[in-house]
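Coordinates in review
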Amino acid sequence: MAPKSDSAEGIVLNFVNEQNRPLNSQNVADFLQKFNLKKASVQKALDSLADSGRISFKEYGKQKIYLARQDQFDIPNSEELSRMKEENTKLQKQLEEQKRAISEVEGEIRTLQSNLTLEQIRAKEAKLKMEVEEMEDKLNNLRGGVTLVKFEDRKAIQEICSDRISQWRRRKRIFKDLWDAITENSPKDLKQFKEELGIEYDEDVGVSFQSFSDLIQPSKKRARCQ
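No experiment lies behind these values; they were computed from the predicted model shown.

Criteria and thresholds
Residue numbers restart at each chain and count upward from 1, following the sequence in its written direction. The predicted nature of this model means local features are confined to residues of pLDDT at least 70 and side-chain atom pairs, given and counted, to a pLDDT of 80 or more, with totals for whole chains, interfaces and linings taken over all residues. To get the side-chain values, all heavy atoms of the structure are used, and hydrogens and water are removed first. Note on definitions: angles span 0 to 180 degrees between N-to-C directions of axes, and those axes are lines fitted to C-alpha atoms, for helices only across the stretch in contact. Secondary structure is summarised from DSSP: a helix means a run of H or I of at least four residues, a strand means a run of E of at least two, and numbering begins at the N terminus for each. Handedness of a crossing is defined here by the sense of rotation of the near helix relative to the far one, left-handed for an anticlockwise turn of less than a right angle and right-handed for a clockwise turn. Pairs of residues are marked as contacts when any of their non-hydrogen atoms sit within 4.5 Å. Lys, Arg, Asp and Glu make up the charged group, whereas Ala, Val, Leu, Ile, Met, Phe, Trp, Tyr, Cys and Pro make up the nonpolar group; the residues left over, Gly among them, are polar. Each Phe, Tyr or Trp ring (for Trp, its six-membered ring) is paired with any other whose centre lies within 6.5 Å, and the angle between the two planes then decides the class: stacked below 30 degrees, edge-to-face above 60, tilted in between. Exposed residues in this analysis have more than 50% of their type's maximum accessible area, buried residues have under 20%, and partly exposed residues fall in between, with area computed by a 1.4 Å probe over protein chains only. We define the nonpolar core as a collection of buried residues of types Ala, Val, Leu, Ile, Met, Phe, Trp, Tyr and Cys that are connected through side-chain atoms lying within 4.5 Å of one another.

1. Topic: the packing of helix α6 (residues 151–183) against helix α7 (residues 190–197)
Contact geometry of α6 with α7 gives a least axis separation of 12 Å together with a crossing angle of 115 degrees. For the pair α6 and α7, the sense of crossing is right-handed. Residue-level contacts link W179, I182 and T183 of α6 to L190, F193, K194 and L197 of α7. Of the residues contributing to the contact of α6 with α7, the split by class is five nonpolar, one polar and one charged.

2. Quick notes on the packing of aromatic side chains
In this structure the tally under the stated criterion is six aromatic pairs. Aromatic side chains W168 and F209 sit 4.9 Å apart centroid to centroid with 90 degrees between the ring planes, which places their arrangement in the edge-to-face category. Placement of W168 in helix α6 and of F209 in helix α8 (residues 209–225) is noted, with a sequence separation of 41 residues between them. Overall, the relative accessible area of 21% leaves W168 in the partly exposed class. A residue is classified by how much of its surface remains accessible, and F209, at 14% relative accessible area, is buried. Plain terms: the ring middles of F175 and W179 are 5.9 Å apart, the flat faces sit at 20 degrees to each other, and that makes the pair stacked.

3. Observations concerning the nonpolar core
Membership of the largest hydrophobic core comes to 18 residues, with the highest contact counts inside it found for V12, V16, V28, L32, V42, L46 and I55. Of all elements in the fold, only α1 (8–19), α2 (25–31), α3 (39–51) and β2 (63–68) reach the threshold of two or more residues within this core. Contact partners of V28, with chain neighbours within four places excluded, come to V12, F15, L23, V42 and L46.

4. So, the side chain of N17
Checked against the element boundaries, N17 lands in helix α1. The buried category is assigned to N17, whose relative accessible area is 18%. With near-sequence residues (within four places) excluded, N17 lies in contact with A68, Q72 and F73.

Encoded structure:
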């Protein structure tokens, strides 16, 4: 009498037949944990099935190896094997085509997801319109001669800038006097000596003292005219 499909023996028998490969009790117990079958129950079911001839087994020392009975399976002949191989090849090609189709669809989805939605476009448009209006207001103020910086603030900034330029000029002069005194009778190459000391001129770092100085001069002229 065949064991019930939901009994321990039935579950073990179905699993052994489905796997159709050599298994030991530990293999079976590991796979059937989801059925809440303990190893002792699995071992008992395997032994019972083997004793009743429903599965085959071989002993290797102290270990038993269990295998589904091969006489229950239909073994295909050479023609059937060839046909199965052809079908398998066709299925493999179909699978590759399906994978490519899925990949293309996923690519289209990613492209669509990267595009802005209509709601996002409208929100961005509203933001840009607001920014344009703000810039147009500033431009109209400039065209209308509106003073954006108070005279007192501009004068204070000019005085600070003029003071910094004066300090810069004075320090350049002090350095030049010291450098000339140190290198007057020096046999060293002045350029190499400067590099050894880690000295950098304004020009070495792309700074022009004259350009900053010229920024102050027009301001002074305007101040005199006023």
